[in-house]
Amino acid sequence: MNAVQLLLLLLCGAAPLAAAPAGSSHLPGSGRFWHITDLHLDPSYHLSPDPTKVCYSSKGAPATHAGLYGDFLCDSPYALIQSAFAHMAPLTQPQDFIIWTGDSPPHVPVDELSTDTVIQVISNMTQTITQHFPNLTVYPALGNHDYWPQDQMSTSTNAVYKAAAQLWKPWLQAEALLTLSQGGFYSQLVKPGLRLLSLNTILYYGPNRVTKNTTDPAGQFAWLQKTLEEAAQRLEKVYIIAHVPVGYLPFVRNTPAVRESHNERLVAIFRQYSDVIAGQFYGHTHRDSIMVLLDHQGKPVNSLFVSPAVTPIKHVLEPYSNNPALRAYVYNTKDYALLDIWQYYLNLTEANEKQRSDWRLEYIMTEAFGLADLRPQSLLQLGLSFRLPQTEAFDVYFSHYTVGYDSSIVCEGDCKLSQVCAVLGLDQLSYSQCIAEGRR
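Remember, it's a predicted structure, so these values are computed and weren't measured experimentally.

Asker: Could you give me a rundown of the pairing of strand β4 (residues 186-191), with the residues and numbers involved?
Answerer: Of the pairings in the sheet, the one linking β4 to strand β5 (residues 194-198) comprises five bridges and is antiparallel in character. Across the sheet, the residue bridging to Y186 is S198, located in β5. Remark: two residues form the turn of the hairpin made by β4 and β5, two consecutive strands paired antiparallel; G193 in that turn has positive phi of roughly 100 degrees.

Next comes the structure, spelled out in structure tokens:
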């Protein structure tokens, strides 16, 4: 993107702010952090009389509803990303921090990108975040599109890892930058008592041919175990962030988000250190979902959250997409347990019609589901309630899953069973048992 394009997009992206609550971190004993994910900037996006030429990311499909803030067949125009951060910035407080779980480049054919282009897009997004949040620490994780060719993340140092370590120097300390430059993962103390681990789950991602038959790519499992053990000895709590989630995908049957063998190992490690891990946070699916990790006795031991994307893109054959989204988490400052989510969204159709980006609060999770907090026990009770034959709670959950894309779309039968078992079953045994019980 040249300077003229960037300037035009910056000017187009300026939009009045919708009034929004500043969040409930004013509650005594609570803190807050923000989650942004799957920005997927498409620098080629522009309004064109030919709908097939609006964006490279539509891959020739006609973007017939294209507007200032995007189209459901395209990745994010710069104006959309600008509007998200412009909404979020006034809501932040000095003690907040941000997690950013990857995927900056667009969904385009491999020959439209290169290592240099991917690094340039990550750099553009890093600079944009820094401009809007100059005083907040950001903890990034690498996504499967943050590499070229996409998904083929290497097990050793490379141009992307080195560039990320250089770009993220203002946010990360020397030890974190070293492992980031070597393997795309790191650990850093957020504050006394709270440590954040950013995993490179692209090393475990099915389409990654580089790591196919590797039991511990980049030695990340050994590092994870050692880091969690040290955190346990120091009585620290840990937040896990990554791009591709652990567990099973909610929109297909019997498909873990990463390779099954790697998923089993991750789940085993997370169970072993569940008293240390206070929360897990992912992106990648572009949808809004939860998971609860159970131990072998069926006791809930960890809360996991997948945040919906900023990009609204869907494949032309997909029945639904998501409205652009970002969120804030409220946590307990004593044990770092999750207390609530404040989920914000942009109604893309309305924003394009009005040529104004009114980002709004979509829901507060405890209020939406009548929960006391988002601790594992609360999420388990919610997940179990979804299994009931007629449950308004699940209908609300599925509407949130697509960020209010289309309220007429219903998820019943096999669709619902896949969703519910993805919440409750994170390894092969618990997932298959959930499916079997649901079929009875």
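Asker: Which residues make up the layout of surface pockets, and what values do they have?
Answerer: Space inside the largest pocket adds up to approximately 730 Å³. Around the largest pocket, the lining is made up of 31 residues, and of these H107, H286, K314, H315 and E318 lie nearest the centre. Residues that form the lining of the largest pocket fall into these classes: 13 nonpolar, twelve polar and six charged. Of the pockets and cavities examined, the second largest pocket occupies roughly 390 Å³.

Asker: Break down the sheet that holds strand β10 (residues 325-332) for me, citing the residues and quoting the values.
Answerer: Taken in spatial order, the six strands line up as β3-β2-β1-β10-β11-β12 in an open sheet, and their pairing is mixed. Looking along the sheet, the strands with just one partner apiece sit at the ends: β3 (138-140) and β12 (360-364). Neighbour-to-neighbour, the strand axes of the sheet open up by a mean angle of 25 degrees, direction not taken into account. Of the pairings in the sheet, the one linking β10 to strand β11 (residues 338-345) comprises seven bridges and is antiparallel in character. The residue of β11 that forms the bridge with A325 is Y345. Its contacts with the sheet place helix α2 (residues 78-88) against β1 (30-36), β2 (97-100), β10 and β11, and it is angled at close to 175 degrees to β1.

Asker: Provide a residue-level description of the state of the cysteines, including the pertinent values.
Answerer: As enumerated under the stated definition, the model contains three disulfides in all. Through a disulfide, C411 is tied to C415; the S-S separation comes to 2.0 Å. Taking the torsion about the sulfur-sulfur bond, which here is approximately -110 degrees, the covalent link between C411 and C415 counts as left-handed. Take C411: its relative accessible area is 5%, and that puts it in the buried class. Each sulfur in the disulfide pair C421 and C434 lies 2.1 Å from the other. Taking the sign of the S-S torsion, about -85 degrees here, the bridge from C421 to C434 comes out left-handed. On the criterion of sequence distance, the pair formed by C421 in helix α12 (residues 413-424) and C434 in helix α13 (residues 428-439) is long-range, its members being 13 residues apart. The pair C421 / C434 is uniform in exposure class, with both members buried.

Asker: Please give an account of the nonpolar core that cites residues and values.
Answerer: By size, the foremost hydrophobic cluster in this structure holds 126 residues, and its most contacted members are L224, Y239 and F270. In terms of residues, this core owes the most to one element, α2, which gives seven residues. Excluding residues within four positions of it along the chain, L224 makes contact with L197, L199, I240, L266, I269 and F270.

Asker: Account for the packing of helix α6 (residues 220-233) against helix α7 (residues 260-272), with residues named and values stated.
Answerer: Where α6 meets α7, the axes come as close as 11 Å, and the angle between the chain directions of the two elements is 5 degrees. Here α6 is positioned roughly parallel relative to α7, judged by the angle of their axes. Touching F221, L224, Q225 and L228 of α6 are H262, R265, L266, I269, F270 and Q272, all from α7. Along the lines of polarity and charge, the residues of the contact of α6 with α7 split into six nonpolar, three polar and one charged.

Rules of the game
- Residues numbered from 1 in each chain as written.
- Predicted model: local features only at pLDDT ≥ 70, side-chain atom pairs only at ≥ 80, totals over all residues.
- Heavy atoms only, no water.
- Pairing = 2+ DSSP bridges.
- Helix = DSSP H or I, 4+ residues; strand = E, 2+ residues; numbered from the N terminus.
- 1 Å grid on protein atoms, 1.4 Å probe; cavity = no way out; pocket = protein on both sides within 12 Å on 5 of 7 lines; lining within 4 Å.
- Points joined across faces, edges and corners; volume = space filled by probe spheres on them.
- Nonpolar A, V, L, I, M, F, W, Y, C, P; charged D, E, K, R; others polar.
- Axes fitted to C-alpha atoms, helices over the stretch in contact; angles between N-to-C directions.
- Contact = heavy atoms within 4.5 Å.
- Disulfide = S-S within 2.5 Å.
- Buried < 20%, exposed > 50% of the residue type's maximum accessible area, 1.4 Å probe, protein only.
- Core = buried A, V, L, I, M, F, W, Y, C linked by side-chain atoms within 4.5 Å.
- Parallel < 35°, antiparallel > 145°, perpendicular 65-115°, else oblique.

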